[in-house]
Amino acid sequence: MELGMLYEFEAPKPWAGDHPWGQRTAERKAYKDCIEQIVLADKKGFHTAWLVEHHFREGRSHMPCNDVVLGALSQITENIRLGFGVSLMPHEFIHTARIAEKVATVDLLSGGRAEWGMGRSTPMEQIAFGVDVPNSKKKMLAAARTVVGMWEQEYYEEHSEYLDFPARMITPKPYQYPHPPCWMAGTSEETIRMAGENGLGLLCFSIMQPLEKLAELIRIYREAQKTATPVTSIQTNKVGVYTLVHCTEDRRKFETNRVWESVWWWYASVAEFTLKWELALMPPEVQEKAFPLLKAQSEGAFDMNKFDEEDMVIIGTPDECLKKFLKYEEAGIDQVLCYLNWGYLPQEAMLECITLLGDYVIPELKAMGAKRTANSLESSIAMQVAAE
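None of these values were measured; they are calculated from a predicted model.

## Details of the overall build of the chain
Okay, step 1: Helix and strand counts for the chain come out as 14 helices and 11 strands.
Okay, step 2: Radius of gyration (C-alpha) of the chain: 21 Å, near the 21 Å computed for a compact globule of 388 residues.
Okay, step 3: With the C-alpha coordinates aligned to their principal axes, the bounding extent of the chain is approximately 70 × 60 × 45 Å.
Okay, step 4: Of all 388 residues assigned to the chain, the portion counted as buried reaches 53%.

## A word on the layout of surface pockets
Okay, step 1: The space that makes up the second largest pocket amounts to roughly 420 Å³.
Okay, step 2: Taken together, 23 residues line the second largest pocket, and the ones lying closest to its centre are Glu10, Ala11, Pro12, Lys29 and Gly343.
Okay, step 3: At the level of secondary structure, the elements contributing two or more residues to the lining of the second largest pocket comprise α1 (21-43) and α14 (347-387).
Okay, step 4: Each residue belonging to the lining of the second largest pocket can be placed in one class, and the counts come to 13 nonpolar, five polar and five charged.

## Details of the packing of helix α2 (residues 66-74) against helix α3 (residues 96-109)
Okay, step 1: Packing of α2 against α3 leaves a shortest axis separation of 9 Å and a crossing angle of 10 degrees. Accordingly, the angle class assigned to the pair α2 and α3 is roughly parallel. Here Asp67, Leu70, Gly71 and Ser74 of α2 lie close against α3, whose contacting residues are Lys102, Val106 and Leu109.
Okay, step 2: Considering only residue class, the contact of α2 with α3 consists of three nonpolar, two polar and two charged.

## Quick look at the nonpolar core
Okay, step 1: Judged by nonpolar contacts, the single largest core of 113 residues is most densely connected at Leu3, Phe46, Trp116, Trp266, Phe325 and Ile333.
Okay, step 2: Ranked by residues supplied to this core, first place goes to helix α9 (residues 259-277) with 10 residues.

## A short note on the packing of helix α5 (residues 136-152) against helix α6 (residues 189-197)
Okay, step 1: Following both chains from N to C, one finds α5 and α6 inclined at 20 degrees, their axes separated by 13 Å at the closest point. By the angle class used here, α5 and α6 are roughly parallel. Relative to α6, α5 is oriented so that their crossing is right-handed. Between α5, through Lys137, Met140 and Leu141, and α6, the contact on the second element is made entirely by Glu190, Thr191 and Met194.
Okay, step 2: Split into classes, the residues belonging to the contact of α5 with α6 amount to three nonpolar, one polar and two charged.

## With respect to the packing of aromatic side chains
Okay, step 1: On inspection of all chains with the given rule, the structure shows 14 aromatic pairs.
Okay, step 2: Joined through ring pairs, the aromatic side chains of Phe205, Tyr242, Trp266 and Tyr339 make up one cluster.
Okay, step 3: Its guanidinium or amino end placed over the ring of Trp15, Lys13 lies 4.7 Å from that ring's centre, counting from NZ or CZ.

## Structural notes on the pattern of salt bridges
Okay, step 1: Summed over all chains, the structure comprises 22 salt bridges.
Okay, step 2: A salt bridge links Lys13 to Glu58; the nearest nitrogen and oxygen atoms lie 2.9 Å apart. In this pair, Lys13 sits in the loop between β1 (2-7) and α1 while Glu58 sits in the loop between β2 (48-51) and α2, placing the two residues 45 residues apart along the sequence.
Okay, step 3: The class for Lys13 is partly exposed, based on a relative accessible area of 36%.
Okay, step 4: Residue classification places Glu58 among the partly exposed positions, given a relative accessible area of 47%.
Okay, step 5: A salt bridge links Glu223 to Lys226; the nearest nitrogen and oxygen atoms lie 2.7 Å apart. Of this pair, Glu223 and Lys226 both sit in helix α7 (residues 211-226), three residues apart, roughly one helical turn.
Okay, step 6: On the basis of relative accessible area, Glu223 is assigned to the partly exposed category, the value being 38%.
Okay, step 7: Three or more residues joined by partner-sharing salt bridges are found here, namely Arg251, Asp308, Asp311, Glu320, Lys324 and Lys327.

## Description of the pairing of β1
Okay, step 1: β1 sits mainly inside the fold: five of its six residues count as buried.
Okay, step 2: Relative to strand β11 (residues 335-339), β1 runs parallel, the two sharing four bridges. Looking at β11, one finds that Glu2 is bridged to Gln335.
Okay, step 3: By the bridge criterion, three bridges tie β1 to β2 in an arrangement that is parallel. Counted as the bridge partner of Tyr7 is Leu51 from β2.
Okay, step 4: The handedness of the β1 to β2 crossover, carried by α1, is right-handed.

## A word on unusual backbone geometry
Okay, step 1: The amide bond that connects Lys13 to the next residue, Pro14, takes the cis arrangement and shows omega of 5 degrees.
Okay, step 2: Position of Pro14 among the secondary structure elements: in the loop between β1 and α1.
Okay, step 3: Residue Tyr177 is joined to Pro178 through a cis peptide bond whose omega torsion reads 0 degrees.
Okay, step 4: By the secondary structure assignment, Pro178 is in the loop between β6 (164-168) and β7 (182-185).
Okay, step 5: Even without being glycine, Phe56 reaches a positive phi, approximately 70 degrees.
Okay, step 6: Considering the arrangement of structural elements, one finds Phe56 in the loop between β2 and α2.
Okay, step 7: Phe56 gets classed as partly exposed once you look at its relative accessible area, which sits at 48%.

## Quick look at the side chain of Glu115
Okay, step 1: The residue Glu115 is located in strand β4 (residues 114-119) in this model.
Okay, step 2: In terms of polar contacts, Glu115 uses its side chain to reach the side chain of Trp183, at 2.8 Å.
Okay, step 3: Every residue in contact with Glu115, bar those within four places of it in the chain, is listed here: Thr48, Trp50, Arg81, Leu82, Gly83, Phe84, Pro181 and Trp183.

Reading the values: the criteria
Residues numbered from 1 in each chain as written. Predicted model: local features only at pLDDT ≥ 70, side-chain atom pairs only at ≥ 80, totals over all residues. Heavy atoms only, no water. Helix = DSSP H or I, 4+ residues; strand = E, 2+ residues; numbered from the N terminus. Rg over C-alpha atoms; globule rule 2.2 N^0.38 Å. Buried < 20%, exposed > 50% of the residue type's maximum accessible area, 1.4 Å probe, protein only. 1 Å grid on protein atoms, 1.4 Å probe; cavity = no way out; pocket = protein on both sides within 12 Å on 5 of 7 lines; lining within 4 Å. Points joined across faces, edges and corners; volume = space filled by probe spheres on them. Nonpolar A, V, L, I, M, F, W, Y, C, P; charged D, E, K, R; others polar. Axes fitted to C-alpha atoms, helices over the stretch in contact; angles between N-to-C directions. Parallel < 35°, antiparallel > 145°, perpendicular 65-115°, else oblique. Contact = heavy atoms within 4.5 Å. Core = buried A, V, L, I, M, F, W, Y, C linked by side-chain atoms within 4.5 Å. Left-handed = near helix turned anticlockwise from the far one by under 90°. Phe/Tyr/Trp six-rings, centres within 6.5 Å; stacked < 30°, edge-to-face > 60°. Lys NZ or Arg CZ within 6 Å of the ring centre and 35° of its normal. Salt bridge = Lys/Arg side-chain N within 4 Å of Asp/Glu carboxyl O. Pairing = 2+ DSSP bridges. Right-handed = clockwise from strand over helix to strand, strands pointing away. Polar contact = N/O pair within 3.5 Å; in protein donor to acceptor, adjacent residues only side chain to side chain.

Geometry only, nothing functional implied.
Pasting the structure below:
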């Protein structure tokens, strides 16, 4: 199993000052700190840095132009793969030719290190861009086919339900042939099965659900992959799961690093955003069912350690984190997307976390994987000899 990273470039509120300087100051720090972290992670052996595309998400995600940041990272990193996590695909967000150009440019600049994830976002962003929500899944897959066609054909032309496009040469073409690996974001059983049926890698999360539930969803995905009809020219049968990760030499640092306070900030900020923008018109009982911990916390009836105990987050010393990562591997996960930059964690704590994971956990995971591969090979050879 590999360790990757997921970045939203958060700018947690409250900001230090009123408009216009509070937001600007927070964003300047967020971009500087996150880029420093990814450059260090490149040196420490992390597999992929996935950058989201989100719009208008104040405090939580100030990353609307992942292609620009990935392009910058391509020039200051050497080995880490650069993931679009994700590109928003329905046609109302952006013309498909622009997606083809952006992803291919990052792939070219990085010497073939791009990973392309696709998604649809949520109603808050969809409404602002005028997305046809009921048909957004169909449009996402149609746009994916178009992008791949633009990469593979010298001149591309399409006259379809969603696009009327004359014959044009799309430049540049990707560095990787025929194109970068393709992934899809999925959270529900329906979208997770959809990713498998279309031969796409799966990007999902574990923070809101116990690992046992996630393992069942991964089983559904693997079954769908067995009869997949790939929507692109590459079938990707891998699962990447993101969760909050924090590694430190001593748990006594949790308080000074504001670890549990930051965990709660993450949950509360997701809940508050969703209740404000996605479920605002729903009755109170529906809202409470979606985020039951808000009420429990306000009444002092929720223990923050529950996230830790049920392996919904990976927090602890290097040994403790390694044990948790192995549980994720057992659940069928191919890459944990470590969400390292969250809440109020100080920059020095996040750099220490990346260093500890890179110096201890990643080598241990690689060594264990190599040992399992060797044991499997020995077993296969023994079976062949016995059969003879």
